[in-house]
Amino acid sequence: MGEADDESSLISENVVRVNLKDLLDSTDPSHNPAVYPGDIVKVSRAGIVYVVGAVKRPGGFAMKTNERISVLQAIALSEGLTRTAARNGARIIHNE
């Protein structure tokens, strides 16, 4: 076992995974993990939902990790449809 192997096992033994949604929703300060000098904090990328077309504020909107969003909620984030929007011609594009 080399020096690099020892370092990898030491790092993996000290990993703390935190559910960000649960942490943000909690009012209990004991759920906050302690972070010390030299610690490395990695945060996974949030999902983004894009609303484009005849809406008042088109663009990308960040979602919390594993958050689900309805079409109605996405339209509300974009401040609703414009008065000239073709309401019967909407399309939903979903990529996974």
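Residues numbered from 1 in each chain as written. Predicted model: local features only at pLDDT ≥ 70, side-chain atom pairs only at ≥ 80, totals over all residues. Heavy atoms only, no water.

Novice: Give me the pattern of salt bridges: which residues, what numbers.
Specialist: A side chain with one charge may pair with a side chain of the opposite charge, provided their charged atoms come close. Applying the stated criterion across every chain, the model contains one salt bridge. Where Arg 57 meets Glu 79, a salt bridge forms, and the shortest distance between an N and an O atom there is 3.9 Å. In this pair, Arg 57 sits in the loop between strand E1 (47-51) and strand E2 (59-63) while Glu 79 sits in the segment after helix H3 (71-77), placing the two residues 22 residues apart along the sequence. (Salt bridge = Lys/Arg side-chain N within 4 Å of Asp/Glu carboxyl O. Helix = DSSP H or I, 4+ residues; strand = E, 2+ residues; numbered from the N terminus.)

Novice: A description of the nonpolar core should follow, citing residues and the corresponding values.
Specialist: Membership of the largest hydrophobic core is limited to six residues, which are Val 49, Val 51, Val 55, Phe 61, Met 63 and Ala 74. Among the secondary structure elements, those contributing two or more residues to this core are E1 and E2. Excluding its chain neighbours within four sequence positions, the residues that come into contact with Val 51 are Pro 58, Gly 59, Phe 61, Ala 74 and Ser 78. (Core = buried A, V, L, I, M, F, W, Y, C linked by side-chain atoms within 4.5 Å. Buried < 20%, exposed > 50% of the residue type's maximum accessible area, 1.4 Å probe, protein only. Contact = heavy atoms within 4.5 Å.)

Novice: Which residues make up the environment of Ala 76, and what values go with them?
Specialist: Tracing the sequence through the fold places Ala 76 in helix H3. With a relative accessible area of 55%, Ala 76 lands in the exposed category. Residues Ala 76 and Arg 57, 19 residues apart in the sequence, show an inter-C-alpha distance of 9.6 Å.

Novice: Hey, could you go over the layout of surface pockets for me, with residue numbers and the actual values?
Specialist: Computed from the structure, the largest pocket encloses a volume of approximately 1,200 Å³. As for the largest pocket, its lining consists of 33 residues, and the residues nearest its centre are Val 49, Tyr 50, Ala 74, Ile 92 and Ile 93. Residue assignment for the lining of the largest pocket shows that the elements contributing at least two residues are E1 and H3. In terms of residues, the lining of the largest pocket owes the most to one element, E1, which gives five residues. A breakdown of the residues in the lining of the largest pocket according to their chemical character gives 18 nonpolar, eight polar and seven charged. Space inside the second largest pocket adds up to approximately 1,000 Å³. In terms of residue count, the dominant contributor to the lining of the second largest pocket is helix H2 (residues 20-25) (three residues). (1 Å grid on protein atoms, 1.4 Å probe; cavity = no way out; pocket = protein on both sides within 12 Å on 5 of 7 lines; lining within 4 Å. Points joined across faces, edges and corners; volume = space filled by probe spheres on them. Nonpolar A, V, L, I, M, F, W, Y, C, P; charged D, E, K, R; others polar.)

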